[in-house]
Amino acid sequence: IAAELIEVDKKFEQLTKNLIKTLEGARLKCDEFEDKSDQEKKNFLKKIREKIFPQLNKYFRQCWPIIEDLPFREYEKYRLYFRESLDNIIKKNMEVNEHIRAKPLGYAGDYVTMNYIYDYNGDKCFLGRSLYERFINSYTCSVDIAESNIGRLKYIKSELLNVINKQSSISILSIGCG
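Residues numbered from 1 in each chain as written. Predicted model: local features only at pLDDT ≥ 70, side-chain atom pairs only at ≥ 80, totals over all residues. Heavy atoms only, no water.

A closer look at the overall build of the protein
Then, in step 1: Helix and strand counts for the protein stand at 7 helices and 0 strands.
Then, in step 2: Its C-alpha atoms give the protein principal-axis dimensions of roughly 65 × 50 × 25 Å.
Then, in step 3: Put simply, the protein has 178 residues, and 34% of those count as buried.
Then, in step 4: For the protein, contacts bridging at least 24 residues in sequence account for 69% of all contacts bridging at least 6.
Then, in step 5: Of the accessible surface of the protein, which amounts to about 12100 Å², a share of 53% is contributed by carbon and sulfur atoms. (Helix = DSSP H or I, 4+ residues; strand = E, 2+ residues; numbered from the N terminus. Buried < 20%, exposed > 50% of the residue type's maximum accessible area, 1.4 Å probe, protein only. Contact = heavy atoms within 4.5 Å. Areas by Shrake-Rupley, 256 points an atom, 1.4 Å probe, with all protein chains shown as cover.)

Have a look at this one:
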C-alpha cells in the first residue's frame with residue numbers, strides 16, 4: 001500500500017514529510033563523509049547525533065498527541081502510513097530496525113534487541129556499513145525507551161553490588177526479562 005493512498009490528519013502528514021526531509025538531509029551529509037578517515041567519521045557522527053537526534057525526538061513528541069487517543073483501527077492506519085512513508089529511509093539495510101520490525105511486539109527472550117541496545121547505545125560504538133546506517137542504528141539504540149533499559153541495567157547492577165558487599169553469601173533468583 002502506498003502511503004499516498006492512506007488518509008491521515010494533515011498535521012501528522014506534514015510532520016512525517018518534515019521528518020523524511022530531515023532524515024534525507026542527514027543521509028546526504030553522511031554520504032559526504034564516507035571517504036573521510038575513521039576518526040573524521042567518528043567525529044562527524046558525534047556532531048550529527050548532537051544536531052539531529054533532538055530534531056527527531058521533537059518530531060516523535062509532536063506526532064504522539066495526534067495518535068495517542070485514536071481508536072485501534074484508526075491508529076493502525078496511521079502506523080501503516082508512517083511505516084510506508086519511512087521504511088526506505090529508516091528500515092532498509094538498518095540492522096537494528098529490521099530486527100525490531102521483524103518482531104514488532106518483541107518475544108520472550110528477545111536478547112538480540114537488548115544486546116543491540118547495550119552494545120550500540122551512546123557514541124562509542126556504531127553498527128552499520130555506511131555512515132547513515134550507523135547514524136540510524138545509533139538513534140534507534142538511543143531513544144528514551146532504549147535508555148530506560150540501560151538505566152535498569154545500571155540500577156540492578158548497583159543493587160546487586162550493594163547486596164554482595166553487605167553479605168558474605170547470597171543467592172540470586174533471576175526470573176526472565178520483560
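Picking up after the structure, the text goes on.
A look at the environment of K11
Then, in step 1: Note on placement: K11 falls in helix α1 (residues 10-32).
Then, in step 2: Residues K11 and N115 lie 104 residues apart in sequence; the distance between their C-alpha atoms is 36 Å.

Some remarks on a nonpolar patch on the surface
Then, in step 1: A surface patch of nonpolar side chains, amounting to about 850 Å² of accessible area, comprises Y118, L153, Y155, I156, L160, L161, V163, I164, I170 and I172.
Then, in step 2: Counting residues per element, the nonpolar patch draws most heavily on helix α7 (residues 144-166), at 7 residues. (Patch = residues over 30% accessible without salt bridge, like charges linked within 9 Å, V, L, I, M, F, W, Y side chains within 5 Å. Salt bridge = Lys/Arg side-chain N within 4 Å of Asp/Glu carboxyl O.)

Notes on the side chain of T22
Then, in step 1: Inspection of the secondary structure assignment puts T22 in helix α1.
Then, in step 2: Those residues in contact with T22 that sit more than four places away from it in its chain are I52, Q55, L56 and Y59.

Topic: helix α4 (residues 95-102)
Since one α-helical turn is 3.6 residues long, residues separated by three or four positions face the same way.
Then, in step 1: Turning to α4, its buried residues are V96, N97 and H99. Seen from one end, α4 has its buried residues packed into an arc of 160 degrees, which puts them on one side. (Arc of directions from axis to C-beta.)

Regarding the packing of α1 against helix α2 (residues 38-67)
Then, in step 1: In the contact formed by α1 and α2, the axes pass within 10 Å of each other and the chain directions differ by 170 degrees. Of the possible angle classes, the one that applies to α1 and α2 is roughly antiparallel. Judged by residue contacts, K11, F12, L15, N18, L19, T22, L23, A26, K29 and C30 of α1 engage F44, I48, K51, I52, Q55, L56, Y59, F60, Q62, C63, I66 and I67 from α2.
Then, in step 2: When grouped by side-chain class, the residues that make up the contact of α1 with α2 number 15 nonpolar, 4 polar and 3 charged. (Axes fitted to C-alpha atoms, helices over the stretch in contact; angles between N-to-C directions. Parallel < 35°, antiparallel > 145°, perpendicular 65-115°, else oblique. Nonpolar A, V, L, I, M, F, W, Y, C, P; charged D, E, K, R; others polar.)

Some details on the nonpolar core
Then, in step 1: In terms of nonpolar packing, the biggest core is built from 31 residues, with F12, L23, I48, Y132 and F135 touching the most fellow members.
Then, in step 2: Ranked by size, the runner-up nonpolar core spans 5 residues in total, among them V96, Y116, Y120 and L127. (Core = buried A, V, L, I, M, F, W, Y, C linked by side-chain atoms within 4.5 Å.)

So, the environment of I66
Then, in step 1: Examined against the element boundaries, I66 turns out to sit in helix α2.
Then, in step 2: Distance from I66 to K11, taken between C-alpha atoms, is 8.3 Å for residues 55 residues apart in sequence.

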